[in-house]
Amino acid sequence: MRGKQVIIAALSGLLVIGAGSTINAKSKVKKPDNRTTIANVVFKPTNETDLTNYVYDTVDPSAADYHKYLTPNEFASKFGQSDGYINSFKQYLSKYHLKTTTFSGNLAIQVKGHRVNMNKAFKAKYIKEKGKESRTQYQLPGKLSDQVVAVIGVYAEKPTTKKVTGKKKVVKKSTTKKHLVASADLPTSGEKPDTALSDNQFSNKYGAGKFAKQYQLNRLYNKGLTGQGQRIGIVSYGDFKTGDLQKYWQQAGVNDSLDRIHKIYTVDNAKTSTNNMNKMLTEYQMEASLDIQSASAVAPNANIDFYIGNSANNATTSPAIYFSTFAKAISDNLDSQISTSFAPTVELARQWSDHSSSLKQYNHAFNLLLQQAATQGITVFKASGDYGPRDTPQKRENHSVTSSPYQVIVGGTTLPYQKIINNKLVTVNKERAWGDTYTASAAEIKQGVFPGSGGGFSALNPTPRYQQGFSGVNTFRAVDVLKYAKGKMVINKHPRIIFGTGNSRNLPDVSGNADIRTGYATYFSGNRIAINMKKKKITRIPSKIWMIGGGTSYTSPQMAAANAVMNSGRQTRIGFWNPQIYKFAAQPDTPFNVLDDADNNNNLYYTGQPGKLYNQATGLGTINFDKLYTKFNNE
């Protein structure tokens, strides 16, 4: 999506306040919260050091466990908690009318039930700390708590007390203009794809053909590798319309059999999700549409398992949904590759939205889950974000959760182009890091939001083994093209060049075209919403939309699909990329094109580093998939 990786938060609600209405200040004790909610309990592995070593051994040709991938049951026997311990948990929770499901691997369980019962089972207590977000304190019986890493999603609301006063509070008249009409915002540059082109021309200009040619994946197509026999998992908060997908396929000349698409709902059911989608076109549906269209087109003969974690009643926290959905995909073990373009929040403690787990606990729990994926040979891809080193407009660097070293974090680039944009002739001579201030309109400059590839340094994860000592890692060159002022980013008239060091997980790992100016076509349909504030009337406007979009949300599912294409020519899963690709990148016949130019090559801050093999704008660079496939096979 344009300049944006969707970070899950509450969408703007439609609120109409009647002028001159009154509210009685006599408050009442809240009724018990009987909405159904989901929480997760995450356990320690039996030996975390052994687990980490096993992860690395699966992709080390010199190790005895090279490519000895585990099934979820084997993982449970080797690293998971015992069935007896987990059954004790289930028995305890069942006393409170809660349903529990064990994720295969015995590393976590999902707990489902009414929020009031959830709070009773965990003895949840609302805690308010001055200057901080509220949190939930919970308590488990001693014998159950010993092996717990995190409890995610338990939320105790602030208790209410009965107050009686004889006064009434009058709500002032709304200052909203009576004739205001609002509509759902759509991410579009105003440029639409030419649907009069033939399917092959369309694909080469706006779709999979463009990606495949730029990154030499077409050479694998020519060898008959198209993802056959493979399954791609996509983790999403949103749903998509299969009719929209088929329309995209028909336009782009893609295998249009819906038999290869499988929707798995991890929170709400299909009926609830469809009803929500029919009400209003949201960013979640748009994101889901571009994810499925991107992956299915690049790997036209692969199956897609689309894991949908949306919640209509807002009782389940975003981090709990995210963890549950990933845990389901990994424990199902259907997919050799998984991609996501979503995240529950950013790596800032003050913005952390889960009440019963800290950001640090959640990060630890998620790393363990991704380590399970690696032992099973699953390659996990994640979009790096689309606002440069700041996923939310703030002075401080921040990245979407999680920046785990056990996933391939995918950054963005800009392809060469020449266009007149906002009355300016813009020329990009060669592929560069995506960081765009040069095409911004006056309105966009005033708004203070500029698109660019996510990249920089993790706030939560240390430098992983495969990055330690690697050329360019933990050093950086940057230019402060933007500065933070009055709550937004502004263009710096006198940018400085900055050199520095870091000491954590560096991101991204690899990059591919993500700029909207050189982007990809997407199709979706739904109801746009218009609100007449005077008449208090909501109007649904049916819309069918073709757009050209950009963002690392496109690049991550494309990478996962390219991995499926490579896996379709192999007997064993490629597995955990990162230790392998950093080794390949240091070899003379590297499969990577390093974008090490320092000038006119930044992600709104970090730049290339001349002579270095890694930089925090584009990672190792872009990929020649033909060479990378050969490298993996030669292992």
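Structure shown above.
Each value, and the rule that gives it
- Residues numbered from 1 in each chain as written.
- Predicted model: local features only at pLDDT ≥ 70, side-chain atom pairs only at ≥ 80, totals over all residues.
- Heavy atoms only, no water.
- Axes fitted to C-alpha atoms, helices over the stretch in contact; angles between N-to-C directions.
- Helix = DSSP H or I, 4+ residues; strand = E, 2+ residues; numbered from the N terminus.
- Parallel < 35°, antiparallel > 145°, perpendicular 65-115°, else oblique.
- Left-handed = near helix turned anticlockwise from the far one by under 90°.
- Contact = heavy atoms within 4.5 Å.
- Nonpolar A, V, L, I, M, F, W, Y, C, P; charged D, E, K, R; others polar.
- Buried < 20%, exposed > 50% of the residue type's maximum accessible area, 1.4 Å probe, protein only.
- Arc of directions from axis to C-beta.
- Pairing = 2+ DSSP bridges.
- Expected span 1.5 Å × (residues − 1).

## Quick word on the packing of helix H1 (residues 48-57) against helix H13 (residues 359-375)
Phase 1: Close contact between H1 and H13 brings their axes to 9 Å; oriented N to C, the two are set at 45°. On the basis of their axis angle, the class for H1 and H13 is oblique. For the pair H1 and H13, the crossing hand works out as left-handed. When H1 is examined against H13, the residues Glu 48, Leu 51, Thr 52, Tyr 54 and Val 55 are found in contact with a partner set consisting of His 364, Leu 368, Gln 371, Ala 374 and Thr 375.
Phase 2: Its residues placed into classes, the contact of H1 with H13 shows five nonpolar, four polar and one charged.

## Let's talk about helix H9 (residues 242-252)
Phase 1: When H9 is considered as a whole, its buried residues turn out to be Asp 244, Leu 245, Tyr 248, Trp 249, Gln 251 and Ala 252. For H9, the angular spread of the buried residues around the axis is 165°, confining them to a single face.
Phase 2: Buried residues along H9 sit against helix H6 (199-206), strand E11 (261-265), helix H11 (283-298), strand E26 (520-532) and strand E27 (537-549).
Phase 3: Two residues or fewer past H9, Gly 253 is found with a positive phi of approximately 70°.

## Focus on the pairing of strand E13 (residues 337-340)
Phase 1: The two faces of E13 match: Gln 337 and Ser 339 on one face and Ile 338 and Thr 340 on the other face are all buried.
Phase 2: Here strand E10 (residues 231-236) pairs with E13 via four bridges, running parallel. Looking at the pairing, Val 235 lines up with Thr 340 of E13.
Phase 3: In this structure, E13 lies alongside strand E14 (residues 379-383), joined through four bridges in parallel fashion.

## Focus: unusual backbone geometry
Phase 1: In this model, Val 401 is joined to Thr 402 through a cis peptide bond whose omega is 5°.
Phase 2: Locating Thr 402 in the fold gives a position in the loop between E14 and strand E15 (408-414).
Phase 3: Even without being a glycine, Asn 423 presents a positive backbone phi close to 65°.
Phase 4: Of note, Asn 423 is situated in the loop between strand E16 (417-421) and strand E17 (424-428).
Phase 5: One non-glycine residue, Leu 604, adopts positive backbone phi at about 85°.
Phase 6: Taking the relative accessible area as the measure of exposure, Leu 604 reaches 3% and is therefore buried.

## Notes on helix H3 (residues 83-94)
Phase 1: Here H3 spans 16 Å end to end across 12 residues, near enough to the 16 Å set by a 1.5 Å rise per residue.
Phase 2: Where the residues of H3 are buried, they touch strand E2 (36-43), strand E3 (99-102), strand E4 (108-114), helix H4 (115-121), helix H5 (142-145) and strand E7 (148-152).

By themselves, these are just geometric observations and shouldn't be taken as functional.
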